Protein chains: 2
Amino acid sequence: MSARYVLILAGGRGERFWPWSQPARPKQLLPLASGGRTLLRATFDRATRLVPADRILIMTSLDLRDACARECPGACVLGEPSMRNTAHAIAAALAWVGETDAIAVMPADHAIEDEAAFAADLELAFARAERERVLMTFGIRPASPETNFGYIERGTSLSERIARVARFTEKPDLATANAWVANGTHVWNSGIFVWRRDVFFDALEAGRPAIAAALRKFSFTPRTPGAFSSALRDVFEPLESISVDYAVLERAPNTLVIDASFDWDDLGSWSAWARRQRHDASGNVLYGDAIAIDCERCVVVGDGGTAAALGLRDMVVVHANGATLACRLEDSDRVRSISAAARERSAG
Amino acid sequence: MSARYVLILAGGRGERFWPWSQPARPKQLLPLASGGRTLLRATFDRATRLVPADRILIMTSLDLRDACARECPGACVLGEPSMRNTAHAIAAALAWVGETDAIAVMPADHAIEDEAAFAADLELAFARAERERVLMTFGIRPASPETNFGYIERGTSLSERIARVARFTEKPDLATANAWVANGTHVWNSGIFVWRRDVFFDALEAGRPAIAAALRKFSFTPRTPGAFSSALRDVFEPLESISVDYAVLERAPNTLVIDASFDWDDLGSWSAWARRQRHDASGNVLYGDAIAIDCERCVVVGDGGTAAALGLRDMVVVHANGATLACRLEDSDRVRSISAAARERSAG
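Small disclaimer: the values here were computed from a predicted structure and weren't measured.

Chemist: I'd like a rundown of the overall build of chain A, residues and numbers included.
Modeler: Each helix and strand counted, chain A has eleven helices and 13 strands in total. The globule rule puts the C-alpha radius of gyration for 348 residues at 20 Å, and the 21 Å found for chain A is close to it. Its C-alpha atoms put chain A at 60 × 50 × 35 Å along the principal axes. Among the 348 residues that make up chain A, the fraction classed as buried is 56%. Looking at chain A alone, contacts between residues at least 24 apart form 65% of all its contacts between residues at least 6 apart. Counting only carbon and sulfur atoms, one obtains 48% of the accessible surface of chain A, whose full area is about 13,700 Å². Positive and negative side-chain charges in chain A, numbering 40 and 44 respectively, have mean positions lying 3 Å apart.

Below is the structure:
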């Protein structure tokens, strides 16, 4: 009798929310989800609609294990001794899973509000993945021509909502993205996948045999998260860093895409987050200890201190973790350049 | 033999520099002067060119006495038990001064760089005030049609640089200020005055006899700053609040104005301060822990934490005292509205 699992990938740094996000509290641990929940907690809550908590695996960096465990009571929180990439994280976590068990893989730091639709869609994917040797992915109908997203080109339709995958493409230019959105051939890659362990390793073996060989036979005793991390150190050491998209999905002939019926946002920037928040009469999003006087369409966040904006339009003003950020909303996807500069400064 | 004194008025709140300025560290205690000095320290340094430190009196609020004393070693630091206004502060401080001694009165929070010219001008005023029954004021040739300043209209010329005062006027409208700057009839009121004790009290008696009567005979034992403050409490209690401009200068027939030969700036806002600072190649003023990426003509101040600005033009971004301010440079004289809102919030 095979079982279902959920793997939540919670290793991201999330520097686009600097200074709110910090190495010790990256994006997935910020209260960016509905109800004041962290994104990780909201992802965990969605996962508990699919499987019991003790079959929810969370893969994160060693230093974030405790913080993740507090957010997700009852889950199995695994620490990667060194960050490789999604292919390794997924393959390593499968050590906890039986040969023909099915697993849903999902990022910890995306926003999805319609939990019922999500659960129904995942049920559909689980059923198919348990029955056939396929790799299930979820495509999001594009709301805009994003150039920072990965896209999936739909191939032959197998049913109303499921198609073969023709091609994966990362970060198109704007003209290309516009064309894709206009003609409906492409969907956003949600980063949510479902497959059986055996099917995944066969596909990984075809793409990256060294990684597949190292992790297919990965075992350790005692069977605890602590022993897992220690044993993984030696296994990861010689392996190249590669994403599951490159190592598996782009080359596998048996990848299918489901048109997601749930809402989805990767919350890749302050402006993406703000779009989903409640706005005041002037279109401002105020969070925490925030003051906005004569402002329109501004995001003002004060966490641990007052953030005050005066007479501004279309700006982001953040006070958090003893630092301040001010930029235009349209520049909020460039915040990473600031967090890099701030990190260099504190290191130097 | 009569002596010379200097009285530095250091009771201001200076809320225009929020969040850098705070009740416990108002504008005069911020390092806004050249050489990283506080404005109070720079004022004290200028005063020591005129008189020995023990004849420099500093009038401030009770809670700032210690901070002021640290900045001004050897000075006599007096605390007002309750803030009234400049007329009372000056009259009370004169308890330390002999009947015919002369005193120079100056605000603690203005910027003056040319200390030699300042000393020469003050010598001129002292000499005249010791010789004649006059109230000496200093007028600054207007560099721009400021509407937040007080102006002095020059009357009959008595010499190349000294004239009778025809009229004091506060905060003209822009058209009026423009006309005054164009025709050269008016100068800015620097808030710096020189007079003898007896001449001042006679003028105050004509304008506000109750205040003059109460403070002319003000005495206390022991003759210490502590006893001064305690005794002053009862004296101040019944008195109305009024500025020296209204109570004395505007109505006295013996007020003269000297054309100042020193530079002067009241540093009334972030933009006024920034004008006097060193700018980088993009016209930005960076102070402390400040990061500016792709910014032009911005003021970025980080005190006790990083202030980061990205892609901005003509903005003020400040991180200080656990709070953040962001506004346009041209709005920096409206910062008081923010500090008021922040104060209300922390009180509520």
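Chemist: So what's going on with the interface of chain A and chain B? Residues and values would help.
Modeler: Each side of the interface is counted separately: chain A has 35 residues, and chain B has 35 residues. Between chain A and chain B lies a buried interface of about 2,400 Å² when both sides are counted; carbon and sulfur atoms form 63% of it. For chain A, the biggest contributors to the area lost against chain B are L310, T324 and R345 of chain A; these three give 25% of the whole. At the boundary of chain A with chain B, the tally comes to two salt bridges. The residue D294 of chain B makes a salt bridge to R334 of chain A at a minimum N-O spacing of 3.6 Å. The tally of links from chain A across to chain B stands at 13 residue pairs in polar contact (both at pLDDT 80 or more). Among the secondary structure elements, those contributing two or more residues to the side of chain A that touches chain B are β10 (285–293), β11 (299–310), β12 (315–320), β13 (323–328) and α11 (335–347) of chain A. Here the element with the most residues in the side of chain A that touches chain B is β11 of chain A; it accounts for seven residues. Looking at the side of chain A that touches chain B, its residues break down into 20 nonpolar, nine polar and six charged.

Chemist: Please provide a residue-by-residue account of the pattern of salt bridges, values included.
Modeler: Within the structure shown, the criterion is met by 61 salt bridges over all chains. Note that D45 of chain A and R41 of chain A form a salt bridge whose closest N and O atoms lie 2.9 Å from each other. Placement of the pair is D45 of chain A and R41 of chain A together in helix α1 (residues 39–47), with a separation of four residues, close to one helical turn. E115 of chain B is the salt-bridge partner of R37 of chain B, the closest N and O atoms lying 3.6 Å from each other. With R37 of chain B in the loop between β1 (4–9) and α1 (39–47) and E115 of chain B in helix α4 (residues 115–131), the pair connects residues that are 78 residues apart, well separated along the chain. Taken together, the shared-partner salt bridges in this structure form one network comprising D294, E296, R297, R313 and D314 of chain A together with R328, E330, D331 and R334 of chain B.

Rules and cut-offs
Residues numbered from 1 in each chain as written. Chains lettered and ligands numbered in written order. Predicted model: local features only at pLDDT ≥ 70, side-chain atom pairs only at ≥ 80, totals over all residues. Heavy atoms only, no water. Helix = DSSP H or I, 4+ residues; strand = E, 2+ residues; numbered from the N terminus. Rg over C-alpha atoms; globule rule 2.2 N^0.38 Å. Buried < 20%, exposed > 50% of the residue type's maximum accessible area, 1.4 Å probe, protein only. Contact = heavy atoms within 4.5 Å. Areas by Shrake-Rupley, 256 points an atom, 1.4 Å probe, with all protein chains shown as cover. Lys, Arg positive; Asp, Glu negative; His and termini not counted. Charge placed at Lys NZ, Arg CZ, Asp CG, Glu CD. Buried area = accessible area lost by both parts, 1.4 Å probe. Salt bridge = Lys/Arg side-chain N within 4 Å of Asp/Glu carboxyl O. Polar contact = N/O pair within 3.5 Å; in protein donor to acceptor, adjacent residues only side chain to side chain. Nonpolar A, V, L, I, M, F, W, Y, C, P; charged D, E, K, R; others polar.

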